[in-house]
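Tertiary structure, described
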Amino acid sequence: MPVRIRLMRFGRRKRPFYRVVAADSRAPRDGKFLDILGYYDPLKQPFEFKVNEEKVKAWLERGAEPTETVRALLKRIGIKVNQKG
């Protein structure tokens, strides 16, 4: 079961708000997830991105792969993520 750290969309039309979750890669984008790690609000100036760093690091140690968007956001707040491949 490959686990991905990815964004889960909330909010109304044209007002997106995202939760950062750990989810099975086969689950739908807004479907079943394993753990909530934080949130991302792209509409605030500057954008707001808050995560529980201990939970993120624990999931990364267990082999979870972040999506490209989450990887870039984690890099901006100083969490080092090794790239595979």
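These remarks concern the structure in this document. These numbers come from a predicted model, not from an experiment.

Observations regarding the pairing of strand β3 (residues 35–41)
- The buried fraction of β3 is high, at five of seven residues.
- Where strand β2 (residues 15–24) meets β3, five bridges bridge the pair, whose relative direction is antiparallel. If you follow R19 over to β3, its bridge partner there is Y39.
- Relative to strand β4 (residues 48–51), β3 is paired through four bridges, and the arrangement is antiparallel. Within β4, the position partnered with D41 by the bridge is E48.
- The antiparallel hairpin formed by β3 and β4 contains six residues in its connecting segment.

Describing the pattern of salt bridges
- Enumeration according to the criterion identifies six salt bridges in this entry.
- We note a salt bridge from D30 to R29, for which the minimum N-O separation is 2.8 Å.
- R71 is paired through a salt bridge with E68; the nearest N and O atoms lie 3.8 Å apart. Highlighted residues: R71 and E68, both in helix α2 (residues 68–76), separated by three residues, approximately one helical turn.
- By relative accessible area, which is 10% here, R71 ends up buried.
- A relative accessible area of 57% places E68 in the exposed class.
- One network of salt bridges, with partners in common, ties together E65, E68 and R71.

Observations regarding the sheet that holds strand β1 (residues 3–12)
- Taken together, five strands build an open sheet; the order of strands is β4-β3-β2-β1-β5 and the sheet is mixed. Every other strand in the sheet has two partners, leaving β4 and β5 (65–66) as the edge strands with one partner each.
- Running at roughly 120 degrees to β3, helix α1 (residues 53–61) makes contact with β1, β2, β3, β4 and β5 of the sheet.

Rules and cut-offs
- Every chain is numbered independently, its residues counted from 1 as its sequence is written.
- In keeping with the model being predicted, local features are shown solely for residues with a pLDDT of at least 70 and side-chain atom pairs are shown and tallied solely at 80 or more, while totals for entire chains, interfaces and linings include all residues.
- With hydrogens and water set aside, each side-chain value is computed from the structure's full complement of heavy atoms.
- When accessible area is computed with a 1.4 Å probe and restricted to protein chains, residues below 20% of their type maximum are described as buried, those above 50% as exposed, and intermediate ones as partly exposed.
- A run of DSSP states H or I qualifies as a helix once it reaches four residues; a run of E qualifies as a strand once it reaches two. Both are numbered from the N-terminal end.
- Two strands qualify as a pair provided DSSP detects at least 2 bridges between them.
- Throughout this description, the term salt bridge denotes a Lys or Arg side-chain nitrogen within 4 Å of a carboxyl oxygen of Asp or Glu.
- The contact criterion used is simple: two residues touch if any of their non-hydrogen atoms lie within 4.5 Å.
- The axes are straight lines fitted to the C-alpha atoms, using for helices just the contacting stretch, and the angles between their N-to-C directions are given from 0 to 180°.

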